[in-house]
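# Close look at the chain arrangement
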Amino acid sequence: SLPAKLINGGIAGLIGVTCVFPIDLAKTRLQNQQNGQRIYTSMSDCLIKTIRSEGYFGMYRGAAVNLTLVTPEKAIKLAANDFFRHHLSKDGKKLTLLREMLAGCGAGTCQVIVTTPMEMLKIQLQDAGRIAAQKKLMAAQAQLSSSLAPRPAEPAVEKRTTATQITRELLQSKGIAGLYKGLGATLLRDVPFSIVYFPLFANLNKLGQRDPNVKAPFYVSFLSGCVAGSTAAVAVNPCDVIKTRLQSLQRGVNEDTYSGILDCARKIWQKEGPTAFLKGAYCRALVIAPLFGIAQVVYFLGIAEFLLDMLPKHRA
């Protein structure tokens, strides 16, 4: 039932985000840093420096936004895919690859209603620590190189903003459109992701089914979700880099600004080279693989169906 699908998607999202959020934070910071302004050399270096400068909970900056909005986001994606698959197979025939891709396309298009504002707010909070660290490093270098002031000045205390403050400021200055900054880039990432992910998962999962009428074992669903998720994540990583850059409201010292998708892609290619489009790909694969593996296992176990079946018994 639809309520069960929504609950399953929500539970899967909450569990997955809690497990992989620090890696997602490292991905955002690695994608946003530009040549000549690098602070982090790798995912592990980013996480170590984040813990040292911001504490353990610094790795979870922006997690509240994700945990609040990931339930409707995952619920919409998984339920929409099932909805489109159901209606595309009404003639009783087996879904062709093209129809599976169309169902994924529909799911990806629906989810951006929630994904765009969630990603935009999350990126501001995740990247704030990188910008603050860059400013402190630049200030320290300037003080050390100056003969007039050989002693470095005390770094200014970073003023932390919240998702509520960012939302209020955007609504006051730009209206609801402010929360949908980077909508085109989000569509460019999420629609191809769903087109790749859902058909690939469905076909990998079928390989583990001994009987077409019986579900594949849960470990097959988990591994299928991991493989399909990581494959789709790496495939659309260039779009994710562009989306992350466009949705960042604040820039570090001497970092480029962008007027749109084409301008962003052109500047990245010219100034950072084609390999820049793969920034954070390893982190993104590590984030998406368990996230969708967990989602498919929760779907497989039918936790929501169990909870919904228990309600009448509890009332009785």
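Computed from a predicted model, the values in this text were never measured in an experiment.

### Looking at the overall build of the chain
On a plain count of helices and strands, the chain comes out with 11 helices and 0 strands. Secondary structure elements of the chain occur, N-terminal to C-terminal, as α-α-α-α-α-α-α-α-α-α-α. Pairs at least 24 residues apart make up 80% of the contacts formed inside the chain by residues separated by at least 6 positions. A total accessible area of about 15,900 Å² is found for the chain, and carbon and sulfur atoms account for 66% of it.

### Concerning empty space enclosed by the protein
Under the counting rule described, the total for this entry stands at 1 cavity of 30 Å³ or more. Computed from the structure, the largest cavity encloses a volume of approximately 290 Å³. Along the lines of polarity and charge, the residues of the lining of the largest cavity split into 10 nonpolar, 3 polar and 10 charged.

### Some details on the nonpolar core
Most often, soluble globular proteins have nonpolar side chains that are buried together. The biggest cluster of nonpolar side chains holds 34 residues, and the ones touching the most others in it are Ala26, Met43, Phe193, Tyr197, Cys283 and Phe292. Sorting the residues of this core by element identifies helix 1 (2–32), helix 2 (43–54), helix 3 (63–88), helix 6 (183–207), helix 7 (218–235) and helix 10 (281–301) as the ones contributing at least two each. Here this core takes 8 residues from helix 10, the largest share from any one element. Residues contacting phenylalanine 292, with those up to four places away along its chain left out, are Lys74, Lys77, Phe193, Tyr197 and Gly225.

### A look at the packing of helix 3 against helix 6
Relative to each other, helix 3 and helix 6 sit at 70°, their axes nearing to 12 Å. When the axis of helix 3 is compared with that of helix 6, the two are roughly perpendicular. Crossing hand, helix 3 versus helix 6: right-handed. The segment helix 3 lies against helix 6, with Lys77, Leu78, Asn81 and Arg85 engaging Phe193, Ser194, Phe198 and Ala202.

### Section: the environment of asparagine 66
Here asparagine 66 shows up in helix 3. Placed 52 residues apart in sequence, asparagine 66 and methionine 118 show a C-alpha to C-alpha distance of 6.5 Å. Setting aside residues no more than four positions away along its own chain, asparagine 66 makes contact with Val17, Phe21, Met118 and Lys122.

### A few points about the side chain of arginine 189
Looking at the element boundaries, arginine 189 is found in helix 6. Relative accessible area serves as the criterion here: at 4%, arginine 189 is assigned to the buried category. A distance of 2.8 Å separates the side chain of arginine 189 from the side chain of aspartate 240, its partner in a polar contact. Those residues in contact with arginine 189 that sit more than four places away from it in its chain are Thr115, Glu119, Val236, Cys239, Asp240, Lys243 and Arg284.

### Some words on the packing of helix 8 (residues 237–247) against helix 9 (residues 261–272)
It is at 10 Å that the axes of helix 8 and helix 9 come closest, and there the two elements cross at 110°. As summarised for this structure, helix 8 and helix 9 are arranged roughly perpendicular, according to the angle between their axes. Together, Val241, Ile242, Arg245 and Leu246 of helix 8 and Ile261, Cys264, Ala265, Ile268 and Glu272 of helix 9 make up the contact between the two elements. For the contact of helix 8 with helix 9, the per-class residue count stands at 7 nonpolar, no polar and 2 charged.

### A look at the pattern of salt bridges
For the structure on display, the rule yields 18 salt bridges. When the shortest N-O distance is used, the salt bridge between arginine 61 and glutamate 54 registers 3.1 Å. On the basis of relative accessibility, which here comes to 14%, the residue glutamate 54 falls in the buried class. Between arginine 189 and aspartate 190 there is a salt bridge, and its shortest N-O distance comes to 2.7 Å.

### Brief notes about the side chain of threonine 50
Here threonine 50 shows up in helix 2. The residues contacting threonine 50, other than those within four sequence positions of it, are Leu25, Arg29, Gly55, Gly58 and Met59.

### Considerations on the environment of threonine 109
Relative to the helices and strands, threonine 109 resides in helix 4 (residues 97–145). Along the primary structure threonine 109 and lysine 77 are separated by 32 residues, whereas in three dimensions their C-alpha atoms are 8.7 Å apart. Apart from the residues lying within four places of it in its own chain, the contact partners of threonine 109 are Leu187 and Val191. Here the side chain of threonine 109 touches cysteine 105 through a polar contact of 2.8 Å, landing on its backbone oxygen.

### Quick look at the environment of glycine 16
Within the secondary structure, glycine 16 is located in helix 1. Sequence spacing of glycine 16 and valine 70 is 54 residues, and the spatial spacing of their C-alpha atoms is 9.6 Å. Aside from chain neighbours lying at most four places away, what touches glycine 16 is Leu291 and Ile294.

What counts and what doesn't
- Positions within a chain are numbered from 1, following the residues in the order the chain's sequence is written.
- It should be noted that, the model being predicted, local features are given only for residues of pLDDT at least 70 and side-chain atom pairs only at 80 or more, the latter also being counted only at that level, while totals for whole chains, interfaces and linings use all residues.
- Heavy atoms from the whole structure form the basis of all side-chain values; hydrogens and water molecules are not counted.
- Working definition: helices are DSSP H or I runs of at least four residues, strands are E runs of at least two. Numbering for both runs from the N terminus.
- Every residue pair with non-hydrogen atoms within 4.5 Å of one another is taken to be in contact.
- In short, Shrake-Rupley with a 1.4 Å probe defines the accessible areas, and a residue's cover is counted only from the protein chains shown.
- Note on definitions: the grid is 1 Å and covers protein atoms alone; a cavity is a set of points where a 1.4 Å probe fits but cannot get out; a pocket is an open set with protein on both sides within 12 Å along at least five of seven lines; lining residues have an atom within 4 Å of a point.
- Grid points are joined across faces, edges and corners, and a volume is the space filled by probe spheres set on the points.
- Any residue outside Ala, Val, Leu, Ile, Met, Phe, Trp, Tyr, Cys, Pro, Asp, Glu, Lys and Arg is labelled polar, Gly included; the first ten of those are nonpolar and the last four are charged.
- Nonpolar core, defined: a set of buried Ala, Val, Leu, Ile, Met, Phe, Trp, Tyr and Cys residues in which side-chain atoms within 4.5 Å join the residues together.
- Working definition: with a 1.4 Å probe on protein chains only, accessible area under 20% of the residue-type maximum means buried, over 50% means exposed, and in between means partly exposed.
- Axis definition: a line fitted to C-alpha atoms, over the contacting stretch in the case of helices. Angles run 0 to 180 degrees between N-to-C directions.
- When describing relative orientation, an angle under 35 degrees is termed roughly parallel and one over 145 degrees roughly antiparallel, while 65 to 115 degrees is termed roughly perpendicular and anything else oblique.
- Helix crossings get a hand from a simple test, with the near helix turned counterclockwise from the far one by less than a right angle marking a left-handed crossing and a clockwise turn marking a right-handed one.
- The definition of a polar contact used here is a pair of N or O atoms within 3.5 Å, where within protein one atom must be able to donate a hydrogen and the other to accept one, and adjacent residues in sequence count solely through side-chain atom pairs.
- In the sections that follow, a salt bridge refers to a side-chain nitrogen of Lys or Arg positioned within 4 Å of a carboxyl oxygen of Asp or Glu.

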